[in-house]
Amino acid sequence: MGAERAGTVPEAVRGLREVPNEPGAAKPDAILVGDHVVRQFGGLKAVDVDHIEVQRGVITALIGPNGAGKTTLFNCLTGFDQPSSGKWSFNGKSLKGMPPHRVARRGMVRTFQLTKVLAKLTVIENMRLGATGQRGEKFWSAPFAALWRGQEAEITERADVLLQRFKLDTKREDFAGSLSGGQRKLLEMARSLMVDPELIMLDEPMAGVNPALKQSLLEHVVGLRDEGRTVLFVEHDMDMVRDIADWVVVMAQGRIVAEGTPDAVMADEAVIDAYLGAHHDTDLSDLDEDELEEEAREEIEEEERK
Ligand SMILES: Nc1ncnc2c1ncn2[C@@H]1O[C@H](COP(=O)(O)OP(=O)(O)O)[C@@H](O)[C@H]1O
Ligand SMILES: [Mg+2]
């Protein structure tokens, strides 16, 4: 396990030793719990999760072939989409029907597979928006933004500390659109920390990032756990999962098909089947960075037209 290899074994990681390697396994200290979470698109059950528990204070990797439902599950749990049925709770409180910015202010944030930094805002402006739980840029023209303006100095100070930590301080006044794909991933991670979340969900944080920046991103992910946060991240690179994950959840065709320590999961027949049975032709980690940036730009422009 990631933390055990590093020599320090936090209490939360130790708690996982008692957990059986099976789908839906109960955790000693679950921060996030979902029951019968189903998201249907027409005839397709994109997500069909009977039970999921995420242990507090550890790094959990969510893996599975493309189309397994990982992003849709993230969307449902964080309020960006509503499941067709089911219930889920964070710190024991239901989040059903709650919009994403309120979920974020409760302490659960997520980043996107295709980064959603606002290209036409500067890096520091993107960070300030993060403090609202990532409402749109129009938020600042709304009347209740006055409430936020009162805290501007405090927000800016927090933003600057984070920019320094993620080595983006020299880019402070640059448009986010001018950043490389990897820098955008860093900005998104930094921005999500503006609400001081307990749980941070990262959707393919390493996809399209060059190897040099990958190592730095990886260290940041471990750093989040080491400062007491819970991390749930989607990743295709199994070496990376083995390196930093304390626990692994495997999805295929909307369902959780396996769960356990990285070593146990990677030796599991169901996991091997799920991967061998899948098509990898659209694996994002195979796309080059320019292509990803282009996609992200299109997505941002589409967002701005709404
Ligand atoms: N908005 C949508 N409308 C219709 N189908 C969707 C939508 N979003 C996702 N899907 C489908 O749901 C399935 C799961 O997708 P997704 O959650 O993106 O998988 P993953 O993130 O594991 O690659 C896929 O078959 C995908 O095509
Ligand atoms: Mg996805």
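Being a predicted model, the structure only gives us computed values, none of them experimental.

Caption draft 1: Molecular detail of the nonpolar core. Formed by 48 residues in total, the largest nonpolar core has its most connected members in Leu-187 and Phe-233. Tallying contributions element by element places helix α9 (residues 211-226) first for this core, with six residues. Contact partners of Phe-233, with chain neighbours within four places excluded, come to Ile-59, Thr-60, Ala-61, Leu-62, Phe-74, Leu-202, Pro-205, Val-241, Ile-244 and Ala-245. Grouped together as the second largest cluster of nonpolar side chains are 32 residues, Leu-16, Ile-31, Leu-77 and Val-234 included.

Caption draft 2: Focus on the site of ligand 1. Lining the immediate surroundings of ligand 1 are Phe-41, Leu-44, Ala-46, Pro-65, Asn-66, Gly-67, Ala-68, Gly-69, Lys-70, Thr-71 and Thr-72. Measuring from an oxygen atom of ligand 1, one finds a backbone N or O atom of Ala-68 at 3.2 Å. Within the contact set of ligand 1, an oxygen atom lies 2.8 Å away from a side-chain nitrogen or oxygen of Lys-70. Coverage of ligand 1 by the protein amounts to 59% of the 570 Å² it exposes when considered alone. Of all elements in the fold, only β2 (44-55) and α3 (70-78) reach the threshold of two or more residues within the shell around ligand 1. Of the residues forming the shell around ligand 1, the biggest block, three residues, is contributed by α3. For the shell around ligand 1, the per-class residue count stands at five nonpolar, five polar and one charged.

Caption draft 3: Representation of unusual backbone geometry in the model. Although it is not a glycine, Asn-91 sits at a positive phi angle of roughly 50°. Of note, Asn-91 is situated in the loop between β4 (85-90) and β5 (93-94). Assessed through its relative accessible area of 33%, Asn-91 is described here as partly exposed. Despite not being glycine, Glu-204 shows a phi value in the positive range, around 50°.

Caption draft 4: Region of interest: the pattern of salt bridges. A complete count under the given rule lists 15 salt bridges for this structure. For Arg-229, the salt bridge goes to Asp-196, with nearest N and O atoms at 2.8 Å. Taken together, the positions of Arg-229 in the loop between α9 and β8 (230-234) and Asp-196 in the loop between α8 (181-192) and β7 (199-203) put the pair 33 residues apart, joining distant regions of the chain. Of the residues examined, Arg-229 reaches a relative accessible area of 10% and is grouped as buried. When its relative accessible area of 47% is taken as the criterion, Asp-196 is described as partly exposed.

Caption draft 5: View of α9. In a regular helix each residue adds 1.5 Å, so 16 residues correspond to 22 Å; α9 covers 23 Å between its end C-alpha atoms and thus fits that length. Looking only at α9, the buried set comprises Leu-213, Leu-217, Leu-218, His-220, Val-221, Val-222, Leu-224 and Arg-225. Gly-228 lies just past α9 and shows a positive phi near 95°.

Caption draft 6: How the structure looks around the environment of Glu-157. Along the chain, Glu-157 turns up in helix α7 (residues 152-165). By relative accessible area, which is 58% here, Glu-157 ends up exposed. Sequence separation between Glu-157 and Arg-128 is 29 residues, and the spatial gap between their C-alpha atoms is 9.9 Å.

Caption draft 7: Quick look at the sheet that holds β4. Taken in spatial order, the four strands line up as β2-β1-β4-β5 in an open sheet, and their pairing is antiparallel. The two strands at the open ends of the sheet, each matched to only one other strand, are β2 and β5. The pairing of strand β1 (residues 30-41) with β2 spans 10 bridges and is antiparallel. Bridge pairing links Arg-39 to Val-47 in β2.

Caption draft 8: Representation of the sheet that holds strand β9 (residues 247-252). Taken in spatial order, the six strands of this open sheet run β6-β7-β8-β3-β9-β10, and their pairing is mixed. Both edges of this open sheet fall to β6 (108-110) and β10 (255-260), since each of them pairs with a single strand only. Neighbour to neighbour, the strand axes of the sheet diverge by 20° on average, direction disregarded. Sheet topology note: the strand β3 (residues 59-63)/β9 ladder contains four bridges and is parallel. Paired with Thr-60 across the strands is Trp-247, a residue of β9.

Caption draft 9: Local environment of the packing of aromatic side chains. Counted according to the given criterion, the structure contains one aromatic pair. When the centroid spacing of 5.1 Å and the interplanar angle of 90° are considered together, the rings of Phe-80 and Phe-112 count as edge-to-face. One end of the pair, Phe-80, is in the loop between α3 and β4; the other, Phe-112, is in the loop between β6 and α5 (123-130), with 32 residues separating them in the sequence. Above the plane of the ring of Phe-80 lies Arg-110, whose end atom (NZ or CZ) is 5.1 Å from the centre. Taking the ring centre of Phe-112 as reference, the NZ or CZ of Arg-110 above it sits at 4.0 Å.

Definitions and cut-offs
Residue positions within a chain follow its written sequence, with the count starting from 1. To label them, take the chains in the order written and letter them from A, then take the ligands in the order written and number them from 1. Confidence filtering applies because this is a predicted model: local features only for residues at pLDDT of at least 70, side-chain atom pairs given and counted only at 80 or more, and all residues used for totals across whole chains, interfaces and linings. Working from all heavy atoms in the structure, the side-chain values ignore hydrogens and water. Here, the term nonpolar core denotes a set of buried Ala, Val, Leu, Ile, Met, Phe, Trp, Tyr and Cys residues that are joined through side-chain atoms within 4.5 Å. Summary of the burial criterion: residues with accessible area below 20% of their type's maximum are buried, those above 50% are exposed, and those between are partly exposed, where the area comes from a 1.4 Å probe applied to protein chains only. Helix numbering and strand numbering both begin at the N terminus, where a helix is a DSSP run of H or I of at least 4 residues and a strand a DSSP run of E of at least 2. Residue contacts are defined here by distance: any two heavy atoms, one from each residue, within 4.5 Å place the two residues in contact. Whether a residue is near a molecule or strand is decided by its heavy atoms; if any one of them lies within 4 Å of it, the residue is near. Within 3.5 Å is the distance limit for a polar contact, defined as a pair of N or O atoms, with the added protein rule that one can donate a hydrogen and the other accept it, and that residues adjacent in sequence qualify only through two side-chain atoms. Where accessible areas are quoted, they stem from the Shrake-Rupley method and a 1.4 Å probe; at the residue level, only the protein chains shown are allowed to cover. Ten residues, namely Ala, Val, Leu, Ile, Met, Phe, Trp, Tyr, Cys and Pro, are considered nonpolar, four, namely Asp, Glu, Lys and Arg, are considered charged, and the remaining ones, Gly among them, are considered polar. A carboxyl oxygen of Asp or Glu within 4 Å of a side-chain nitrogen of Lys or Arg is what we treat as a salt bridge. By this rule, a helix spans an expected 1.5 Å times one less than how many residues it contains. The criterion for strand pairing is that DSSP finds at least two bridges linking the strands in question. In this analysis an axis means a line fitted to C-alpha atoms, helices contributing only their contacting stretch, and an angle means the value between N-to-C directions, from 0 to 180 degrees. Pairing of aromatic rings covers Phe, Tyr and Trp, the last through its six-membered ring, and needs centres within 6.5 Å; plane angles under 30 degrees mean stacked, over 60 mean edge-to-face, and all others mean tilted. Each ring is checked for a lysine NZ or an arginine CZ that lies within 6 Å of its centre and within 35 degrees of its normal; such an atom marks a charge sitting over the ring.

Honestly, that's just the spatial picture; any functional story needs more than this.
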